[in-house]
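One-letter residues, chain by chain:
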Protein chains: 2
Amino acid sequence: MATMNDVAKAAGVSTSTVSYVLSGKRTISQETREQVLAAIRKLDYSPHSGARSLASSRSNVLGLMVPLRADVNVSVIMQFVAGVVTTARDYNQDVLLLTQDDTDGIHRVTSQSIVDGLLMMDIEARDPRIPQLAKLRKPAVLIGFPDDPQGLSCVDLDFAAASRTAVRHLSELGHRSIGFIGSPQASLERHATYADRARKGFEDACQAAGIAADPRACEPTSAALADALDAMFSRQEPPTALVVHNEGLLPLLREALALRGLQIPKDVSVVAIAPEDAAMAAAQPWTAVSIPAHDIGRAAVEMVMDRLNSDKPVEIRLIVPSLVQRETSAARS
Amino acid sequence: MATMNDVAKAAGVSTSTVSYVLSGKRTISQETREQVLAAIRKLDYSPHSGARSLASSRSNVLGLMVPLRADVNVSVIMQFVAGVVTTARDYNQDVLLLTQDDTDGIHRVTSQSIVDGLLMMDIEARDPRIPQLAKLRKPAVLIGFPDDPQGLSCVDLDFAAASRTAVRHLSELGHRSIGFIGSPQASLERHATYADRARKGFEDACQAAGIAADPRACEPTSAALADALDAMFSRQEPPTALVVHNEGLLPLLREALALRGLQIPKDVSVVAIAPEDAAMAAAQPWTAVSIPAHDIGRAAVEMVMDRLNSDKPVEIRLIVPSLVQRETSAARS
DNA sequence: CTGTTAGCGCCTTCAG
DNA sequence: CTGAAGGCGCTAACAG
């Protein structure tokens, strides 16, 4: 492996000149620069990240803590991750993967200066990691919106507003009784903030509009869906519309309703809260409030980098949801 | 941040002693060791990873290249990843996440000594990354089994044997016409090795046993499944059994068959090639050849670490599949 | 069993 | 606009 010294010799300059050519932190004459670049190419030189991080106290690595839980939807996670990794590369950062159950991962990667900053997914209302992160001298961004961010940056879709938007849409179509099929019980019990907020938003919106609400948790399985639907549609005032915040159920829903003699949207209107591609995947695309997972991932990286490179203040960014009407919602018949 | 020097002073020893206490690379008296450990605790010392990697040319980081493609099943990926990350931690390594489309990611993390070794997922038959990896001086492990590994380590489930096992099971139950519902067309076209091998194994096994075979590619959507089933069951010799190598379709299959008046296993036996948990998720658990994604991930890490720490030879490890009969396969009626 | 010391490769201040 | 040189924190000979 060639070192910076080798390059300097080959180019007939000093190492500092090579360093500055690379970092652009001072002006170098066109001529010298080209010599240096030529030498770099010739020797196939790459800087040694350890040496760089030792000298500059920057590792150019961001830590991303990902949930590998059964109760969170994997495809949404992947989209977040994709957004994070892609954006990180734009900032010349790499991404280190941490898992939720790596309990002292935060301390390890941070105290050893393995990472410059942290991104935390799947935040809970009173997430025990928050106080830990708040003490660090490295920036951290929460993807989620806890009860008390303790001075940390947060970014997420405004899930409460997402539900409200869905309810408003259905209300405008004349629906007066709406069911909500949400995240699995486990997500609610640990107060994953997206699950809590979506459900709360739904209840509040229905109450405000004087609409009968029937929110239910649901595992992403046929059996659980069947139970939920049976319960909903055997009530005195069965729903004429559903809000579904559970991507895993979308592929199952149409047939489950069909088995009960219900057609979409003739008998039941449905609004999904789901990533765009999940909503578009079906033969009959879902009317949906989209979860811009990729964009949220991007925003999260931008926010850490902002705090790393400048003294931009901490911010809490709630992304405003938007609903696209497609083929699964219609006026109440 | 305390440095090793601070610790040494506090403990009244030299830095090398501290270093050796930490690395265990030479014997230290009980007494000194305890002094050092006490000082470490008191100062809340952590070694600086950059400095360490500079001095030892080991970063303690493994690179993992993950496909973020639409045509690969995300939940299987997550299980691989979980296996990799967990095992990496057992070896005191962290995991850096690279994506397939980060075209020069391999060169970057490798030439800058960001990682000590690489794990590549979703290998294709003639994967263009293989020659690139073969040239490196860092170990790499392929998760998959390409036409020519070029001296690299490989590990994967023996998908051909998985299909053979499934066919044998069905054959023993008396089935003489078997359909195969496999990976999406896109996976086959780029010759993802699991897709190719599973399909090939199916065809070969059927031919050898004189069984009518009907292999089809299928997207993980209701519509695609409907097409595939319609085509299969409108043939002269409709299948009495199916082998399904596509986790995304499992939640949809029962109802799709029911719509056509077919019950499992009375009218159609089904063997899934899928992760254990996917097979067990259904109300009626699937007879399945399991894809031990987590174990494969673990094995992959063990193999890089072997090559990193010792001079164990390169190996190609094909994991022998095993079938568990559950409720979806029965004797041909 | 322990200490001394020379790097590892890069960044950056200080001189020029 | 460029060079010289110290130091970042740790490892691993070498010396005792």
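Here, the structure is the one placed above.
The rules behind each value
- Positions within a chain are numbered from 1, following the residues in the order the chain's sequence is written.
- Here chains are named by letter from A upward and ligands by number from 1 upward, in the order in which they appear as written.
- Side-chain atom pairs in this predicted model are given and counted only at pLDDT of 80 or more, local residue features only at pLDDT of at least 70, and totals for whole chains, interfaces and linings cover all residues.
- Hydrogens are left out, water is left out, and the side-chain values use all remaining heavy atoms of the structure.
- Being near a molecule or strand, for a residue, comes down to having at least one heavy atom within 4 Å of it.
- By the criterion applied in these results, polar contacts are pairs of N or O atoms within 3.5 Å in which, for protein atoms, one can donate a hydrogen and the other can accept it, and in which residues neighboring in sequence qualify only through two side-chain atoms.
- Per the convention used, a helix needs a DSSP run of H or I reaching at least four residues, while a strand needs a run of E reaching at least two, with both numbered from the N terminus.
- For each structure, a 1 Å grid was placed over the protein atoms alone; sets of points admitting a 1.4 Å probe that cannot get out are labelled cavities, open sets with protein on both sides within 12 Å along at least five of seven lines are labelled pockets, and lining residues have an atom within 4 Å of a point.
- Grid points are joined across faces, edges and corners, and a volume is the space filled by probe spheres set on the points.
- Each residue gets one label: Ala, Val, Leu, Ile, Met, Phe, Trp, Tyr, Cys and Pro are nonpolar, Asp, Glu, Lys and Arg are charged, and the others, such as Gly, are polar.
- Whenever a carboxyl oxygen of Asp or Glu lies within 4 Å of a side-chain nitrogen of Lys or Arg, that contact is scored as a salt bridge.
- When a residue's accessible area, from a 1.4 Å probe over protein chains only, is under 20% of the maximum for its type it is buried; when over 50% it is exposed; and in between it is partly exposed.
- Whether two residues are in contact is decided by their heavy atoms, any of which lying within 4.5 Å being enough.
- We define buried area as the total accessible area lost by two parts upon association, computed with a 1.4 Å probe and summed across both.
- Strand pairing is assigned whenever DSSP detects at least two bridges linking the two strands.
- Axes here refer to lines fitted to C-alpha atoms; in helices the fit is confined to the stretch in contact. Angles between the N-to-C directions go from 0 to 180 degrees.
- Working definition: roughly parallel below 35 degrees, roughly antiparallel above 145 degrees, roughly perpendicular at 65 to 115 degrees, and oblique for all remaining angles.
- Note: crossing handedness is left-handed where the near helix turns anticlockwise from the far helix by less than a right angle, and right-handed where it turns clockwise.
- An expected span of 1.5 Å times one less than the residue number is assigned to each helix.

K.L.:
Describe the protein's contact with DNA strand D, and please don't skip the residues or the numbers.
P.N.:
Taken together, 29 residues lie near DNA strand D, and Thr-17, Thr-27 and Thr-32 of chain A together with Met-4 and Tyr-45 of chain B sit nearest. Restricting attention to atoms of DNA strand D within 4 Å of the protein, one finds that 60% of them are sugar or phosphate atoms. Between DNA strand D and His-48 of chain B, the relevant distance is 3.3 Å, taken from a phosphate oxygen to a main-chain nitrogen or oxygen of the residue. Taking Arg-52 of chain B, its side chain carries an N or O atom lying 3.0 Å from a phosphate oxygen of DNA strand D. Taken together, the elements giving at least two residues each to the surface near DNA strand D come down to α2 (15–23) and α4 (49–56) of chain A together with α2 (15–23) and α4 (49–56) of chain B. The greatest single-element share of the surface near DNA strand D, amounting to five residues, is contributed by α4 of chain B.

K.L.:
So what about empty space enclosed by the protein? Which residues, and what values?
P.N.:
Inspection of every chain in the model, using the stated rule, returns four cavities of 30 Å³ or more. Lining the largest cavity are 15 residues, and of these Ser-49, Ser-59 and Ile-114 of chain A together with Ser-49 and Ile-114 of chain B lie nearest its centre. Counting only elements with at least two residues in the lining of the largest cavity, the list comes to α4 of chain A together with α4 of chain B. Among the residues making up the lining of the largest cavity, the classes are represented as six nonpolar, nine polar and no charged.

K.L.:
Could you give an account of the pattern of salt bridges, naming the residues involved and the relevant values?
P.N.:
Residues and elements named next belong to chain A. Counting across every chain of the model gives 36 salt bridges over all chains. Put simply, Asp-147 and Arg-126 hold a salt bridge, and the shortest N to O gap is 3.4 Å. Of the two residues, Asp-147 is situated in the loop between β4 (140–143) and β5 (153–157) and Arg-126 in the loop between β3 (117–120) and α7 (129–135); the sequence distance between them amounts to 21 residues. A salt bridge links Arg-298 to Asp-295, with the shortest nitrogen-to-oxygen separation between them at 2.8 Å. Of the two residues, Arg-298 and Asp-295 both sit in helix α14 (residues 293–309), three residues apart, roughly one turn of that helix. When its relative accessible area of 31% is taken as the criterion, Arg-298 is described as partly exposed.

K.L.:
Requested: an account of the protein's contact with DNA strand C, with residues and values cited.
P.N.:
Around DNA strand C lies a shell of 28 residues, among which Met-4, Tyr-20 and Tyr-45 of chain A together with Thr-27 and Thr-32 of chain B are the nearest. Of everything in DNA strand C that lies within 4 Å of the protein, sugar and phosphate atoms constitute 53%. A distance of 3.1 Å separates a phosphate oxygen of DNA strand C from a polar atom in the backbone of Ser-14 of chain B. Thr-17 of chain B is positioned with one of its side-chain polar atoms (N or O) 2.6 Å from a phosphate oxygen of DNA strand C. Among the elements of the structure, α2 and α4 of chain A together with α2 and α4 of chain B are those that each provide at least two residues to the surface near DNA strand C. Looking at which element gives the most residues to the surface near DNA strand C, the answer is α4 of chain A, with four residues. Across the surface near DNA strand C, the residue classes tally to 11 nonpolar, 13 polar and four charged.

K.L.:
How would you summarise the interface of chain B and chain A if you had to cite specific residues and measurements?
P.N.:
With 43 residues of chain B at the contact, the number on the chain A side is 43 residues. Of the roughly 3700 Å² buried between chain B and chain A on both sides combined, carbon and sulfur atoms contribute 62%. Considering only the side of chain B, the residues that lose the most area to chain A are Met-78, Leu-97 and Glu-255 of chain B, jointly responsible for 16% of the buried surface there. Arg-89 of chain A is the salt-bridge partner of Asp-102 of chain B, the closest N and O atoms lying 3.9 Å from each other. The tally of links between chain B and chain A comes to eight residue pairs in polar contact (both at pLDDT 80 or more).

K.L.:
Describe the sheet that holds strand β7 (residues 212–216) of chain A, and please don't skip the residues or the numbers.
P.N.:
What holds strands together in a sheet is hydrogen bonding between their backbones, with the strands either parallel or antiparallel. All names here are of chain A. Overall, mixed pairing links the six strands, which are arranged β7-β6-β8-β9-β10-β12 in an open sheet. Both edges of this open sheet fall to β7 and β12 (323–324), since each of them pairs with a single strand only. Pairing between strand β10 (residues 287–290) and β12: two bridges, direction antiparallel. Within β12, the residue paired with Val-289 across the bridge is Leu-323. Sheet strands touched by helix α11 (residues 222–233): β6 (177–181), β7 and β8 (241–244). Its angle to β6, the strand with the most contacts, is close to 160°. The strands touched by helix α12 (residues 250–259) are β8 and β9 (269–274); relative to β8, the strand with the most contacts, the crossing angle is about 160°.

K.L.:
How would you explain unusual backbone geometry if you had to name every residue and give the values?
P.N.:
All names here are of chain A. For the bond running from Ile-264 to Pro-265, omega is 0°, close enough to zero to count as cis. You can see Pro-265 is positioned in the loop between α12 and β9. For Ser-113, which is not a glycine, the phi torsion comes out positive at approximately 55°. Counting through the fold element by element, Ser-113 comes out in the loop between α6 (105–111) and β3. Phi at His-191 takes a positive value of approximately 60°, unusual for a residue other than glycine. Note that His-191 resides in the loop between α9 (185–189) and α10 (193–209).

K.L.:
Account for the packing of helix α1 (residues 4–11) of chain A against helix α3 (residues 30–43) of chain A, naming residues and giving values.
P.N.:
All names here are of chain A. Here α1 crosses α3 at 125°, and the two axes come no closer than 8 Å. Relative to α3, α1 is oriented oblique. As α1 packs across α3, the resulting crossing turns out to be right-handed. Contacts from Asp-6, Val-7, Ala-10 and Ala-11 in α1 reach Gln-35, Val-36, Ala-39, Ile-40 and Leu-43 in α3. Per-class residue counts for the contact of α1 with α3 are seven nonpolar, one polar and one charged.

K.L.:
Give a detailed account of the layout of surface pockets, specifying residues and quantitative values.
P.N.:
Volume-wise, the second largest pocket comes out at about 1000 Å³. Considering the residues around the second largest pocket, the lining is formed by 30 residues, among which Leu-22, Tyr-45, Pro-47, His-48 and Arg-52 of chain B are closest to the centre. Of all the elements in the fold, those that place two or more residues in the lining of the second largest pocket are α6 of chain A together with α2, α3 (30–43) and α4 of chain B.

K.L.:
Please give an account of helix α14 (residues 293–309) of chain B that cites residues and values.
P.N.:
Across its 17 residues, α14 of chain B extends 24 Å between first and last C-alpha, which sits within 8% of the 24 Å expected from 1.5 Å per residue. Buried residues along α14 of chain B sit in contact with β1 (61–66), α5 (74–90), β3 (117–120), β4 (140–143), β5 (153–157) and β11 (316–319) of chain B.

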